[in-house]
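What the coordinates show
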Amino acid sequence: MENKKNIMDYETVALDEENHALVIIDQTKLPGKTEIISLTTQKDIWDAIYLLKVRGAPAIGDAAAIGIYLAAKNLQTDNYQEFYTEFKKAKEYLDSARPTAVNLSWALNRMEKVVIDNKAKTIAEIKELLRQEAIAIKEEDIWICQKIGEYGLSLVKPGDGLLTHCNAGQLATAKYGTATAPMYLGHQKGYNFKVFCDETRPLLQGARLTAYELSESGLDVTLICDNMSSNVMKNGWVNAVFVGCDRVAANGDTANKIGTSIVAIVAKRYNVPFYVCAPTSTIDYETPTGKEIKIEQRPDKEVVEMWYKERMAPEGIKVYNPAFDVTDNDLISGIITEYGIARPPYTESLQKIVALKNKK
Ligand code: MRU
């Protein structure tokens, strides 16, 4: 394995057709080690999603689409009903890996639709259509991030200070990221942004991933601990916050990495615009408000020992470890999608976004 390339030269998620494998960067090893791994079994793919080897809502969707294609490809039957029954089992299995990011079930549902809509075709033809759909999901992700970047960039100016939380970067998507897309596009135009990355406890996606990929790309990045965002905003160093999201409810309430809502509350206090970058695949029109969003609970050990050789807390201590929190819609200045920027009131503006999408 080549270790010298820039992290941005690797694909976050790829299909290795010849070896029947989903290929990913093992993100739990970054930034210390760039390890590219090939996953061939459904169990390995499920584990990689659950263990955050591949993570970030769009990348999870991209990986699941390739994963279910590989499961379908391995099915040895010419009988449609048998094929569909086994496909459904594989789909349910992958869908159970993580509950909050809607992109996982969104991508798997899109793959299932291919199976349903092409019932009259041969199994070999359906498998080929599934391959094309998995590739299309990933390719569209690149276009979507680019559009979000363009809309996001229209909201800021050269020299601005920008703050982000967790990793909604290239490592969480097929390219550019969502929250980082305005940063990358601005950087290409010489905007000289000053980016603040929250380290993002407990798993440090901000420190290990966002600070890494942005600095590797030549942006001016300052890493801060999660409890410092109020300080930098009060100092007047932040002109806008861009974050990603895992699920947007129909009223604009937004689930993203734990700690995002704290940033939003602080941003409101200091009049800093707070933008959520959301591919329309992350908008869940079926979920009315944030209260109905299922929040993933993660193991205690992520808080008390992960990433360290020595324990950081007393043995047996009680731990609460929700992976996400919900930012109330009244704290959000705009939701940036690939079809434009939704502004409050979100129930109406998100409907307009979906109408625009359906028109295309
Ligand atoms: O637990 P993670 O690392 O998958 O959480 C990721 C986030 O919260 C991201 O901000 C979100 O998925 C958007 S990625 C474009």
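Residues numbered from 1 in each chain as written. Predicted model: local features only at pLDDT ≥ 70, side-chain atom pairs only at ≥ 80, totals over all residues. Heavy atoms only, no water.

Around the ligand, a shell composed of 17 residues is seen, among which Arg55, Ala57, Arg98, Asn256 and Lys257 lie nearest. Backbone polar atom of Gly56 to an oxygen atom of the ligand: 3.0 Å apart, as the coordinates give it. Asn256 is positioned with one of its side-chain polar atoms (N or O) 2.6 Å from an oxygen atom of the ligand. Listed by contribution, the elements that provide at least two residues to the shell around the ligand are α2 (57–73) and β9 (254–257). Classifying every residue of the shell around the ligand gives eight nonpolar, five polar and four charged. (Near = heavy atom within 4 Å. Polar contact = N/O pair within 3.5 Å; in protein donor to acceptor, adjacent residues only side chain to side chain. Helix = DSSP H or I, 4+ residues; strand = E, 2+ residues; numbered from the N terminus. Nonpolar A, V, L, I, M, F, W, Y, C, P; charged D, E, K, R; others polar.)

In this section: the pattern of salt bridges. Considering all chains together, one arrives at 22 salt bridges under this definition. Linking Glu315 and Arg311 is a salt bridge whose minimum nitrogen-to-oxygen distance equals 3.7 Å. Three or more residues joined by partner-sharing salt bridges are found here, namely Asp26, Lys29, Lys33 and Glu35. (Salt bridge = Lys/Arg side-chain N within 4 Å of Asp/Glu carboxyl O.)

Next up on the list: the pairing of strand β5 (residues 194–198). Look at any regular strand and the pattern is simple: side chains alternate between the two faces of the sheet. Counting buried positions along β5 yields four of five residues, so the element is predominantly enclosed. Bridge count for strand β4 (residues 161–164) against β5 is four bridges, and the pairing is parallel. By the bridge assignment, Thr164 is partnered in β5 with Cys197. With helix α6 (residues 181–188) bridging β4 and its parallel neighbour β5, the resulting β-α-β unit is right-handed. Two elements, β5 and strand β6 (residues 220–224), share five bridges in a ladder whose sense is parallel. The residue of β6 that forms the bridge with Asp198 is Ile224. (Buried < 20%, exposed > 50% of the residue type's maximum accessible area, 1.4 Å probe, protein only. Pairing = 2+ DSSP bridges. Right-handed = clockwise from strand over helix to strand, strands pointing away.)

Here we take up the confidence of the model for the protein. Confidence along the protein averages 96 in pLDDT terms, with 99% of residues attaining 70 or more. Confidence metrics for the complex model read pTM 0.97 and ipTM 0.99. (pLDDT = per-residue confidence, 0-100.)

Before going further, it helps to spend a moment on the pairing of strand β1 (residues 13–16). Bridge count for β1 against strand β2 (residues 21–25) is four bridges, and the pairing is antiparallel. If you follow Leu15 over to β2, its bridge partner there is Leu22. Taking the residues that link successive antiparallel strands as the turn, the β1-β2 hairpin has four residues, and the phi of His20 there is positive, at about 50°.

Glancing now at the environment of Arg208. With respect to the helices, strands and loops of the structure, Arg208 is situated in helix α7 (residues 205–216). Arg208 sits 106 residues away from Pro314 along the chain, and the two C-alpha atoms are 25 Å apart. Engagement of the side chain of Arg208 in a polar contact is seen with the backbone oxygen of Leu30, the distance being 3.1 Å.

Where α2 contacts helix α4 (residues 102–117), the two axes come as close as 8 Å, and the packing angle between them is 35°. Here α2 runs over α4; the crossing is right-handed. For the pair α2 and α4, the contacting residues are Ala57, Pro58, Ile60, Gly61, Ala64, Ala65, Ile68 and Tyr69 in the first and Asn103, Leu104, Ala107, Leu108 and Met111 in the second. Split by residue class, the contact of α2 with α4 holds 11 nonpolar, two polar and no charged. (Axes fitted to C-alpha atoms, helices over the stretch in contact; angles between N-to-C directions. Left-handed = near helix turned anticlockwise from the far one by under 90°. Contact = heavy atoms within 4.5 Å.)

Our focus in this paragraph is the nonpolar core. Counting 42 residues, the largest nonpolar core has Leu22, Met111 and Leu130 as its most contacted members. Counting only elements with at least two residues in this core, the list comes to β2, β3 (36–39), α1 (42–50), α2, α3 (80–95), α4 and α5 (123–153). Here the element with the most residues in this core is α2; it accounts for 12 residues. Beyond its immediate sequence surroundings of up to four residues, Leu130 is in contact with Tyr69, Ala72, Phe83, Phe87, Met111, Val114 and Val115. In this structure, Val238, Val263, Ala267 and Leu350 belong to the second largest nonpolar core, which totals 27 residues. (Core = buried A, V, L, I, M, F, W, Y, C linked by side-chain atoms within 4.5 Å.)

So, on to the packing of aromatic side chains. Under the definition given, this model contains eight aromatic pairs. Judged by centre distance (6.0 Å) and plane angle (20°), the ring pair of Trp46 and Tyr93 falls under stacked. Here Trp46, found in helix α1, pairs with Tyr93, found in helix α3; they are 47 residues apart in sequence, far enough to count as distant. On the basis of an interplanar angle of 65° and a centroid distance of 5.4 Å, the ring pair of Tyr191 and Phe193 is categorised as edge-to-face. Note on accessibility: Tyr191 and Phe193 belong to one class, buried. A connected cluster of aromatic rings, assembled from ring pairs, spans Trp46, Tyr50 and Tyr93. Directly above the aromatic system of Tyr10 lies the positively charged group of Lys5, at a separation of 4.8 Å from the ring centroid. Sitting above the plane of the Tyr50 ring, Arg298 keeps its charged end 4.6 Å from the centroid. (Phe/Tyr/Trp six-rings, centres within 6.5 Å; stacked < 30°, edge-to-face > 60°. Lys NZ or Arg CZ within 6 Å of the ring centre and 35° of its normal.)

Taken as a whole and judged by the stated rule, the model has zero disulfides. Lacking any disulfide linkage, Cys145 is separated from the closest cysteine sulfur, that of Cys277, by 9.4 Å. Using a relative accessible area of 0% as the deciding quantity, one classes Cys145 as buried. The thiol of Cys277 is unpaired, and the distance to the nearest cysteine sulfur, on Cys245, comes to 7.9 Å. (Disulfide = S-S within 2.5 Å.)

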